[in-house]
Amino acid sequence: MKINYSCDCCGEDIDTLEVDELDEDKLGFSCLTVKERESILKYDSLSNSLQVLSLCDQCIEELGLAEEIAPLERGFIH
Ligand SMILES: [Zn+2]
């Protein structure tokens, strides 16, 4: 299935991953609370893809969240 990361702030596409199966531990989703999952993960069964709302580097910088968000962001993508 496909995992599409897009920026929650400006809507820009950040990254797309193609995975055989959804490994929530590996993707860092397992550490999210139920509420966080509901707000940032959107599963699209039609295209069998997962939409993940994140923040792009530019918005992280503009919002001044670099230090707070960056480690999480890296965890999501790699
Ligand atoms: Zn952005």
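Scroll up to find the structure this text is about.
Criteria and cut-off values
Residues numbered from 1 in each chain as written. Predicted model: local features only at pLDDT ≥ 70, side-chain atom pairs only at ≥ 80, totals over all residues. Pairing = 2+ DSSP bridges. Helix = DSSP H or I, 4+ residues; strand = E, 2+ residues; numbered from the N terminus. Axes fitted to C-alpha atoms, helices over the stretch in contact; angles between N-to-C directions. Buried ≥ 20, exposed ≤ 12 C-beta atoms within 10 Å, placed from the backbone.

Q: Help me out: how do you make sense of the sheet that holds strand E1 (residues 2-7) in this one?
A: What holds strands together in a sheet is hydrogen bonding between their backbones, with the strands either parallel or antiparallel. Across the sheet, which stays open at both edges, the four strands sit in the order E2-E1-E4-E3 with mixed pairing between neighbours. Strand pairing shows two members of the sheet lacking a second neighbour, strand E2 (13-18) and strand E3 (41-44), which therefore form its edges. Averaged over all pairs of adjacent strands, the angle between strand axes in this sheet comes to 20°, irrespective of strand direction. Pairing of E1 with strand E4 (residues 49-54), which is carried by six bridges, proceeds in the parallel orientation. Residue Lys2 lies in a different strand from E4, and its bridge partner there is Ser49.

Q: I'm lost on unusual backbone geometry in this one. Help?
A: Peptide bonds are, in most cases, trans, and in most cases residues other than glycine have a negative phi. A positive phi angle, near 50°, is found at Asn48, a position not held by glycine. Inspection of the secondary structure puts Asn48 in the loop between E3 and E4. Overall, the presence of 9 C-beta atoms within 10 Å leaves Asn48 in the exposed class.

Q: Whenever I open this one, the pairing of E4 confuses me. Can you help?
A: Here E3 pairs with E4 via four bridges, running antiparallel. Paired with Tyr43 across the bridge in E4 is Leu50. The hairpin formed by E3 and E4 contains four residues between the paired strands, and Asn48 there has a positive phi angle of roughly 50°.

Q: Any chance you could explain the environment of Ser47 here in plain terms?
A: Within the secondary structure layout, Ser47 lies in the loop between E3 and E4. Sequence spacing of Ser47 and Met1 is 46 residues, and the spatial spacing of their C-alpha atoms is 8.5 Å.

Q: I tried to follow the pairing of E2 on my own but got confused; where do I start?
A: With zero of its six residues buried, E2 lies for the most part at the surface. With five bridges connecting them, E1 and E2 associate as antiparallel partners. Pairing of Tyr5 across the sheet is with Asp15, part of E2. Once E1 ends, the chain turns through five residues before running back antiparallel as E2, passing Gly11 with a positive phi of about 85°.

Q: Would you mind showing me how to read the environment of Val52 here?
A: Locating Val52 in the fold gives a position in strand E4. For the pair formed by Val52 and Asp8, sequence separation is 44 residues and the distance between their alpha carbons is 8.7 Å.

Just distances and angles here, no functional claims.
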